[in-house]
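Here are the chains, one letter per residue:
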Amino acid sequence: MARRSKRPRRRGRGVLFLLALAVLAGLFVYWSNTALQAASFSPVLPDLPRGFDGCRIVVLGDLHSTYFGEKNEKLLEAVRAQEPEYIFLVGDLLDAFRDVPEGYAGETAAGLADIAPVYYVTGNHEWAVGDVPELKKTLEARGVTVLSNGFTALERNGDNLVLAGIDDPNGYADQKSPEAVAEEVRAAYGEDAFWMLLAHRNDRFPEQYSLLGADLVISGHGHGGVIRLPFTDGLVSTDRTFFPSYTAGLYEENGSALFVTRGLGNTGPSFRLFNRPEVALVILRRG
């Protein structure tokens, strides 16, 4: 009697094994792009006013019209759990390559403003979507302070600091420059005033934003390098260059500190890997 070949059975097991791997990989990618991760950072700032020592700030960036739970309830729960005193939205709330859900901006803004005071600057995608003036009106109507090449004073425990914010370079060609905003801050509050700058683009920090004189710049835009690998600061930039820097966490250049959030969403068909959506808590510390 002829023996039956075991090859078909082994081949079938191999196919099942590959299918199982594919399913697990798909689940991992889905989890990497939908499971929120809270991360805490504590920049030490020698000139920080004493009244702001320990101030808790949640930094959110690059939502790209993404929902985490119905009406972003999971995102709001994660933000609330950090017990922030302020919330900074550093641009790309909307996405130019996806349909923006009706009421998305106002709904998200209202939910965040119920937790803590919210301050917002535009990213490049808002300008690509268009009608930025109407977006700003919507956010302000929901309780958000929009910083459009301007600044305001924050008060805590009897001390003050200055918070400035600039529109993305994708904005109007004749808009006020970051350098002009920095000059206005110094003119209004003096050369020694402690001030923070909200500026969407992380990649402009080393050659421009770090030279403005801000004690702390807070940015997004880098998406954490999209795919994070060991011993790198991310695999690819949002400009499609490899091995970018200034994509996540704390940095320092030219006497200015930078914090960059890895952000929350994706633009167009892109995806994250080893780089979960981040709800970043920045706790200011006086050196």
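Before reading on, note that the structure itself is shown above.
Residues numbered from 1 in each chain as written. Predicted model: local features only at pLDDT ≥ 70, side-chain atom pairs only at ≥ 80, totals over all residues. Heavy atoms only, no water.

Novice: Could you clarify how one ought to interpret the nonpolar core in this entry?
Specialist: One recurring pattern in soluble globular proteins is that nonpolar side chains are buried together. Residues Leu60, Val79, Ile87 and Leu139 are the most contacted members of the largest nonpolar core, which totals 28 residues. Elements with a minimum of two residues in this core: strand S3 (56-60), helix H2 (73-81), strand S4 (86-89), helix H3 (104-113), strand S5 (118-120), helix H5 (132-141), strand S6 (144-146) and strand S13 (278-283). Every residue in contact with Leu60, bar those within four places of it in the chain, is listed here: Leu75, Val79, Ile87, Phe88, Leu89, Val90, Leu112, Thr261, Leu264, Glu278 and Val279. Grouped together as the second largest cluster of nonpolar side chains are 27 residues, Val90, Val121, Leu163 and Met196 included. (Core = buried A, V, L, I, M, F, W, Y, C linked by side-chain atoms within 4.5 Å. Buried < 20%, exposed > 50% of the residue type's maximum accessible area, 1.4 Å probe, protein only. Helix = DSSP H or I, 4+ residues; strand = E, 2+ residues; numbered from the N terminus. Contact = heavy atoms within 4.5 Å.)

Novice: Looking at this structure, I do not really get the pattern of salt bridges. What am I missing?
Specialist: A side chain of one charge can pair with a side chain of the opposite charge when the charged atoms of the two come close. Under the criterion given, the structure shown has 7 salt bridges. Residues Arg156 and Glu85 are paired through a salt bridge, measuring 2.6 Å at the closest nitrogen-oxygen approach. Of this pair, Arg156 sits in strand S7 (residues 150-156) while Glu85 sits in the loop between H2 and S4, placing them 71 residues apart in sequence. For Arg156, a relative accessible area of 14% gives the class buried. What makes Glu85 partly exposed here is its relative accessible area of 28%. When the shortest N-O distance is used, the salt bridge between Asp167 and Lys136 registers 3.0 Å. (Salt bridge = Lys/Arg side-chain N within 4 Å of Asp/Glu carboxyl O.)

Novice: Please explain the environment of Asn170 as it appears in this structure.
Specialist: Along the chain, Asn170 turns up in the loop between strand S8 (159-165) and helix H6 (178-189). Since its relative accessible area comes to 40%, Asn170 is described here as partly exposed. Expressed as a C-alpha distance, the spacing of Asn170 and Arg156, which sit 14 residues apart in the sequence, is 34 Å. Residues within four places of Asn170 in sequence aside, it is in contact with Asn124, Trp127 and Arg201.

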